[in-house]
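Coordinate inspection notes
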Amino acid sequence: MEILAIPGRVLIVHEFGHYIRQIWTDGRPHPKDPNPSWMGDSIGKWEGDTLIVDTIGFNDKTWLDQVGHPHSGALHLVERIHRTAPDMLQIDFTFDDPKAYTKQWTGTKQFKLRPDWQISEYVCEENFDNKEIQEISK
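Keep in mind that what you see is a predicted model, and the values were worked out from it rather than measured.

1. Notes on the sheet that holds strand β7 (residues 88-96)
Two strands in a sheet stick together by hydrogen bonds in their backbones, pointing the same way (parallel) or opposite ways (antiparallel). What the eight strands build is an open sheet, ordered β1-β2-β3-β4-β5-β6-β7-β8; its pairing is mixed. Each edge of the open sheet carries a strand with a single partner, namely β1 (2-6) and β8 (105-112). Between one strand axis and the next, the sheet turns through 25 degrees on average, direction left out of account.

This is the structure we're talking about:
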């Protein structure tokens, strides 16, 4: 992923799927009745060197992680994004979804800065190694 800060918003560009997430930092509130979407409606504000991102308005078609933890459309996600070292980015997550979980829970993910990497084209058909499917078909 690549993070771009421009006036009024932060964009996160993901290589896989070419997803672009918009985090509005211009002071706007969430819409009163957000249209459910894959990335939700994200608004952010800076507290020192930490970007606090508040997201609502998710659809219920995604997972919270690669393991497959589900969520409902009631998910409220808060992220605290900051550098822990010049070449390390940390995101602290707080998940609150009363329709899917009995209490809110947290997680952390760290990313290493790779200045020599570039977002490239990733097309599932071309980048997918279908050996697993061939094995299942036997």
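2. A few points about the nonpolar core
Counting residues in hydrophobic clusters, the biggest one holds 14 residues, and the most contacted among them are I81 and F95. Among the elements of the structure, β2 (9-13), β5 (50-56), β6 (76-85) and β7 are those that each provide at least two residues to this core. The element contributing the most residues to this core is β7, with four residues. Not counting the four nearest positions on each side in its chain, F95 is found in contact with L64, L75, H76, L77, Q104 and W105.

3. Some words on the environment of D96
Of note, D96 is situated in strand β7. Given the relative accessible area of 32%, D96 is considered partly exposed. Once the C-alpha coordinates of D96 and L75 are considered, the two residues, 21 residues apart in sequence, prove to be 5.8 Å apart. Not counting residues within four places of it along the chain, the set of residues in contact with D96 comprises A74, L75, H76 and Q104.

4. Quick look at the pattern of salt bridges
In total, this model carries five salt bridges according to the counting rule given. Between R80 and E47 there is a salt bridge, and its shortest N-O distance comes to 4.0 Å. Separated by 33 residues along the polypeptide, R80 in strand β6 and E47 in strand β4 (residues 41-47) bring together distant segments of the chain. A residue is classified by how much of its surface remains accessible, and R80, at 37% relative accessible area, is partly exposed. K112 is paired through a salt bridge with D87; the nearest N and O atoms lie 2.6 Å apart. One end of the pair, K112, is in strand β8; the other, D87, is in the loop between β6 and β7, and 25 residues separate them in sequence.

5. Brief notes about the packing of aromatic side chains
Following the criterion strictly, the structure yields three aromatic pairs and no others. Considering the side-chain rings of F93 and F95, the 5.8 Å spacing of their centres and the 15 degrees angle between planes classify their relative orientation as stacked. Residue classification places F93 among the buried positions, given a relative accessible area of 18%. Between the aromatic rings of F95 and W105, the centroid separation amounts to 4.5 Å while the plane-to-plane angle is 25 degrees, which identifies the pairing as stacked. Taken together, the residues F95 in strand β7 and W105 in strand β8 connect sequence positions ten residues apart. Take F95: its relative accessible area is 9%, and that puts it in the buried class. Grouped by ring-pair contacts, the aromatic residues F93, F95, Y101 and W105 constitute a single cluster.

6. Some words on the pairing of β6
Pairing analysis gives five bridges linking β5 to β6, with the strands arranged antiparallel. Looking at the pairing, V53 lines up with E79 of β6. Across nine bridges, β6 lies against β7 in antiparallel orientation. Its bridge partner lying in β7, V78 is registered against T94. Linking β6 back to β7 in an antiparallel pair, the connection comprises two residues.

Rules behind the numbers
Residues numbered from 1 in each chain as written. Predicted model: local features only at pLDDT ≥ 70, side-chain atom pairs only at ≥ 80, totals over all residues. Heavy atoms only, no water. Pairing = 2+ DSSP bridges. Helix = DSSP H or I, 4+ residues; strand = E, 2+ residues; numbered from the N terminus. Axes fitted to C-alpha atoms, helices over the stretch in contact; angles between N-to-C directions. Core = buried A, V, L, I, M, F, W, Y, C linked by side-chain atoms within 4.5 Å. Buried < 20%, exposed > 50% of the residue type's maximum accessible area, 1.4 Å probe, protein only. Contact = heavy atoms within 4.5 Å. Salt bridge = Lys/Arg side-chain N within 4 Å of Asp/Glu carboxyl O. Phe/Tyr/Trp six-rings, centres within 6.5 Å; stacked < 30°, edge-to-face > 60°.

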